[in-house]
Amino acid sequence: MKRLLIGFVTVAILAGIVGFIGITNIKALDKSGSELYEKNTVPIALLQDISTGFQRIRINLFELSVTTSPEKRADLLKRISERRAEIEKASQDFEKRIVTAEGKKVFENYLQQRKEYVKVIEQVTALTGSGNNAQAFEYLQSAETERIRNAYQDSIEKMVDMKLTDADKRSDANTAQANSAELNMIIISAIAFLLAIFLGWFIARGVSRPVNRMVEASERLALGDTNLSVKTNTKDEIGILAN
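So, here is what we can say about the structure in this document.

Let's shift gears to the pattern of salt bridges. Counted by the stated rule, this structure contains 7 salt bridges. For K96, the salt bridge is made with D93, and the minimal N-O distance between the two is 4.0 Å. Taken together, the positions of K96 and D93, both in helix α2 (residues 70-96) and 3 residues apart, correspond to about one turn of that helix. Classification of D93 by relative accessible area gives buried; the value is 18%. The network of salt bridges with common partners includes K89, D93 and K96.

Given below as structure tokens:
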């Protein structure tokens, strides 16, 4: 009985170890997945919002330079203001998720280029507000304005490329972590399986030997042989019965 109890307890401990390691690996993978989402997926979505807002403002500025309707002008100014606010919010949320010095450097360059483009927005707004639409349109097509626009767009694309590269590295690291966890679980499960088999064999062997001796003694006793004894080294219930 004692051997069986020890066997059951040992198997339960092995199962607990396997379960604990499995849960630990799952939690680690879940954490890695959350970090990939928070530090890469969300920032990339924010950069998409920034890029979309920038392109829409650019279109709105051209529309503003050719419209003669006060109502249309007011609507365009409202849209530009809303999209600038959206870009500002997305930029702030993105900045909170920067974790590397390189990322901060790229973001600072983006802020500088955005600041330059804001001057373009203000210049076009001022020109159209004073009725100089033709001059505003010409200003938007000037080489200097194109340089500012391209620099601003390039700064956004650099942040996107940086985050995509980081996402690839993090994804590869997560895949390696998952493969390692899978291999560890296979190894540990195999060890636990072999130990359980060995333990079962050891317990069965310890029980079957004295039982077989008692069966043999019973057969001899049935034949009238009373000069016999059953020797066993066990001190459990089987040993007591044999003695």
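Next comes the rest of the write-up.
On to the environment of D166. Of note, D166 is situated in helix α5 (residues 143-222). Under the relative-accessibility criterion, D166 is labelled partly exposed at 27%. Residues D166 and K39 lie 127 residues apart in sequence; the distance between their C-alpha atoms is 9.0 Å.

Here we come to the nonpolar core. Counting residues in each nonpolar core, the largest one holds 29 residues, and the members touching the most others are L61, F94, Y110 and Y117. Elements with a contribution of two residues or more to this core: α1 (2-66), α2, α3 (101-129), α4 (133-140) and α5. Those residues in contact with L61 that lie beyond four places of it in its chain are I80, Y117, I121, V124 and L140.

What counts and how
- Residues numbered from 1 in each chain as written.
- Predicted model: local features only at pLDDT ≥ 70, side-chain atom pairs only at ≥ 80, totals over all residues.
- Heavy atoms only, no water.
- Salt bridge = Lys/Arg side-chain N within 4 Å of Asp/Glu carboxyl O.
- Helix = DSSP H or I, 4+ residues; strand = E, 2+ residues; numbered from the N terminus.
- Buried < 20%, exposed > 50% of the residue type's maximum accessible area, 1.4 Å probe, protein only.
- Core = buried A, V, L, I, M, F, W, Y, C linked by side-chain atoms within 4.5 Å.
- Contact = heavy atoms within 4.5 Å.

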